[in-house]
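# Fold and geometry: a report
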Amino acid sequence: MSHDSRFHHGDVPTDAKPIIHMENIKKHFGNVIALNGVTFDVTPGECHCLLGDNGAGKSTFIKTMSGVHKPTAGKIFFEGKPLAFDSPRDAMEAGIATVFQDLAMIPLMSVTRNFFMGREPTKGRGIAKRFDVDRANEICMEEMRKMGINLRAPDQAVGTLSGGERQTVAIARAVHFGAKVLILDEPTSALGVRQTSNVLSTIDRVRQQGVGVVFISHNVRHAMAVGDRFTVLNRGQTLGTAVKGEISSTELQDLMAGGQELAELEGSLGGTI
Amino acid sequence: MSADMIEQPDERIRAESFATKLMKKPELGAIGGVVLVTLFFLFTADSAMFTLSGIMNFMTPAAQLGILGIAAAMLMIGGEFDLSIGSMVAFAGMIFGVLTVNTGLPLILAIPLTLAFAACIGAVNGMIVLRTGLPSFIVTLAGLFILRGASLVGLKLFTGGSTQLRGVRDAVEGDWLAPVFSGDAFTGLFGWLASLGLIETFKSGTPKVPGIPVEILWFIAFALVATYVLLRTPVGNWVFATGGDTNAAKNSGVPVRNVKISLFMLTACAAALVAVITVIDAGSTDARRGFMKEFEAIITAVIGGCLLTGGYGSAIGAFFGAIIFGMVTIGLTYTDFDQDWFQIFLGGMLLLAVVFNNVIRKRVTGER
Ligand SMILES: Nc1ncnc2c1ncn2[C@@H]1O[C@H](COP(=O)(O)OP(=O)(O)OP(=O)(O)O)[C@@H](O)[C@H]1O
Ligand SMILES: [Mg+2]
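Rules used throughout
- Residues numbered from 1 in each chain as written.
- Chains lettered and ligands numbered in written order.
- Predicted model: local features only at pLDDT ≥ 70, side-chain atom pairs only at ≥ 80, totals over all residues.
- Heavy atoms only, no water.
- Helix = DSSP H or I, 4+ residues; strand = E, 2+ residues; numbered from the N terminus.
- Rg over C-alpha atoms; globule rule 2.2 N^0.38 Å.
- Buried < 20%, exposed > 50% of the residue type's maximum accessible area, 1.4 Å probe, protein only.
- Contact = heavy atoms within 4.5 Å.
- Areas by Shrake-Rupley, 256 points an atom, 1.4 Å probe, with all protein chains shown as cover.
- Lys, Arg positive; Asp, Glu negative; His and termini not counted.
- Charge placed at Lys NZ, Arg CZ, Asp CG, Glu CD.
- Donors = N, O, S within 2.8 Å, 3.2 Å for Na, K, Ca; no water.
- Near = heavy atom within 4 Å.
- Polar contact = N/O pair within 3.5 Å; in protein donor to acceptor, adjacent residues only side chain to side chain.
- Nonpolar A, V, L, I, M, F, W, Y, C, P; charged D, E, K, R; others polar.
- Buried area = accessible area lost by both parts, 1.4 Å probe.
- 1 Å grid on protein atoms, 1.4 Å probe; cavity = no way out; pocket = protein on both sides within 12 Å on 5 of 7 lines; lining within 4 Å.
- Points joined across faces, edges and corners; volume = space filled by probe spheres on them.
- Patch = residues over 30% accessible without salt bridge, like charges linked within 9 Å, V, L, I, M, F, W, Y side chains within 5 Å.
- Salt bridge = Lys/Arg side-chain N within 4 Å of Asp/Glu carboxyl O.
- pLDDT = per-residue confidence, 0-100.

## Side note on the overall build of chain B
- A tally of helices and strands in chain B yields 17 helices and four strands.
- The C-alpha radius of gyration computed for chain B amounts to 22 Å, which stays within 12% of the reference 21 Å derived for 368 residues, consistent with globular compactness.
- Principal axes of the C-alpha set define a box for chain B whose edges measure 75 × 55 × 40 Å.
- Within the span of chain B, comprising 368 residues, buried residues form 50% of the whole.
- Relative to all contacts within chain B whose residues are 6 or more apart in sequence, the contacts with residues 24 or more apart total 78%.
- Accessible surface, chain B: about 17000 Å² in total, of which carbon and sulfur atoms supply 68%.
- Charged side chains of chain B number 23 positive and 24 negative; the gap between the two group centres comes to 6 Å.

Rendered as structure tokens:
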């Protein structure tokens, strides 16, 4: 990006230490090179947007961050220490919660059971330790209400929810459990206007609580609304990182789409995109 | 978010009728089946079937099958099958027979060793399924033949050429642990009830039913524990999640590998428990023990409301499924029907259950 001096390889603001720092991550699937050396980090209280075209490698990248994939090469530092997550469970225990693009919900199970899947609240101890269903239902309804959705019943199967409701459950779940890092992979793709603004303000809220947010979106307005830094991926590589205020939304949009093609389109669509 | 909005109930919910609530229970079909089968035999069978001794008569085979069926149901909810459990009954029976007869171990050692051996084989099954990613149907089908063959070969080896190992009764005679795995429980209570004239007695005054066969107690206890674990513990939630969508469960932090391997170990142990109970009861073991039981256990689980695709089902459903099974097998002997109607009856039940479950599933998930 030599032609645009404002879009530089943005450094971490010197005052904040990153919670998670990914160094030169490579990921190969057989002969497919999905990631080819991506460096990325999140500091507490910031929203770092990850942008890029379809197939750029965004989802693959956040999956290495949340323990789903092991990187082929590269290092992960969590709070300054090198770390390798063996499973998503490890990452969760470290305080990283993720909304995956495919949501990771189980249609046959109830909303509450999905919400707490893998980290159920318990009561009692020893052999009498059991799933605290009442508390789980309560928390689940409450968290959903905060996101602007009144559930009909917490024991409703997720398969019967609408696409947006389902996405909201996944977001509410991640927000509830994301103690240090919250990763959102296109969380607003199916949401209505009110729920989208709810999600954006939720991002703002948890950021103020010191959580580091990684936000993937194809919508530049959403990204500009909450992002502090913007990293653009293209074909498995970083194009660069920009800090808020240093880049306009048109410039960002051009970068995300690889510049040229969008310019052509804009002509025929009369600049409506 | 204003407070009044929170309090306001959603106007789009219609009050759920009691019937729809019931429909959402996976075990509904099995309970309905029990009612139907009971009605059928009330009209066709000799009244002796529903006396205390008649009930014990059909509950005993139901219990032996049910222990397998409940374990198979849990595994099926977790998204896998185990076709090797029938052969496992024979194999564990052989191990148990050899430990008690040939090496003369007391039950306190022989039973845990038998269970541990079975659990290891179950774990190997699970690991092969996970490592290869092959359907468990095929992997355990191989197990079905390997274990059946190993029981034959092993029995001949240990007995010097026979496929039957005798002498278990003598070997466990007088062992303090034997009453837990064989014979009848609550004999005192039944004797007392008989003396009060509350239950049927022989002319001599001893009750016709001396007590409750212990396998029935194991069966009931297992059904209760399995139901509790499935519905009220985190592990139960993991089982449903793993069977519902392994990948989603894993990404949400469920230790799916451990869940699946544990479930394979559970089915193997259930088979070993049935082996111990039936071998002590019969006093001997042979290579045909548990023949076809894997299919009967799966039928039990399906009648009990388990979906073949995993992620849905119930242990209490399998409990009732096994009772249906016991009633039909034994019940026909109380009727004028030819015994061989049994298999037709069973196939029909299975077909009905699968169709019924499919409809229910669509209702629960609101599939569109
Ligand atoms: N498991 C896999 N096996 C093989 N190739 C894969 C696998 N996962 C991802 N890829 C490839 O890696 C590339 C990046 O995929 P990824 O899902 O990360 O894209 P993305 O940036 O999230 O795109 P989108 O915006 O459409 O969600 C794609 O070309 C995809 O085909
Ligand atoms: Mg993606």
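## Section: the coordination of the magnesium ion (ligand 2)
- Within the protein, S59 of chain A (OG) and Q101 of chain A (OE1) serve as the donor atoms for the magnesium ion (ligand 2), at 1.9 to 2.1 Å. Taken together, the residues span a long stretch of sequence, with S59 of chain A in helix 1 (residues 58-65) and Q101 of chain A in the loop between strand 6 (96-99) and helix 3 (111-116) at a distance of 42 residues.

## Side note on the site of ligand 1
Residues and elements named next belong to chain A.
- Surrounding ligand 1, one finds 13 residues, the nearest of these being N54, G55, K58, S59 and T60.
- With respect to ligand 1, the side chain of E186 contributes an N or O atom lying 3.4 Å from an oxygen atom.
- Protein contact buries 62% of the 640 Å² of open area that ligand 1 shows by itself.
- A breakdown of the residues in the shell around ligand 1 according to their chemical character gives three nonpolar, seven polar and three charged.

## Focus: the interface of chain A and chain B
- Counting from both sides, the interface comprises 33 residues of chain A and, opposite them, 36 residues of chain B.
- Summed over both sides, the interface of chain A with chain B buries roughly 2800 Å², with 57% coming from carbon and sulfur.
- When the buried area of chain A at its contact with chain B is split by residue, L108, R113 and R152 of chain A rank highest and sum to 22% of it.
- Here chain A is connected to chain B by seven residue pairs in polar contact (both at pLDDT 80 or more).

## Observations concerning empty space enclosed by the protein
- For the coordinates displayed, the defined rule picks out four cavities of 30 Å³ or more.
- Here the largest cavity is characterised by a volume of approximately 160 Å³.
- Around the largest cavity, the lining is made up of 18 residues, and of these M92, A97, T98 and R173 of chain A together with S252 of chain B lie nearest the centre.
- Among the secondary structure elements, those contributing two or more residues to the lining of the largest cavity are helix 2 (88-93), strand 6 and helix 5 (163-177) of chain A.
- In terms of residue class, the lining of the largest cavity is made up of 12 nonpolar, four polar and two charged.

## Considering a nonpolar patch on the surface
- A contiguous nonpolar patch, built from I31, V35, L36, L39, L42 and F43 of chain B and spanning about 630 Å² of accessible area, is present on the exposed surface.
- Position of L42 of chain B relative to the elements: it lies in helix 3 (residues 28-44).

## Describing the confidence of the model for chain B
- When the pLDDT values of chain B are averaged, the result is 90; 92% of them are 70 or greater.
- Both scores are given for the predicted complex: the pTM is 0.90, the ipTM 0.87.

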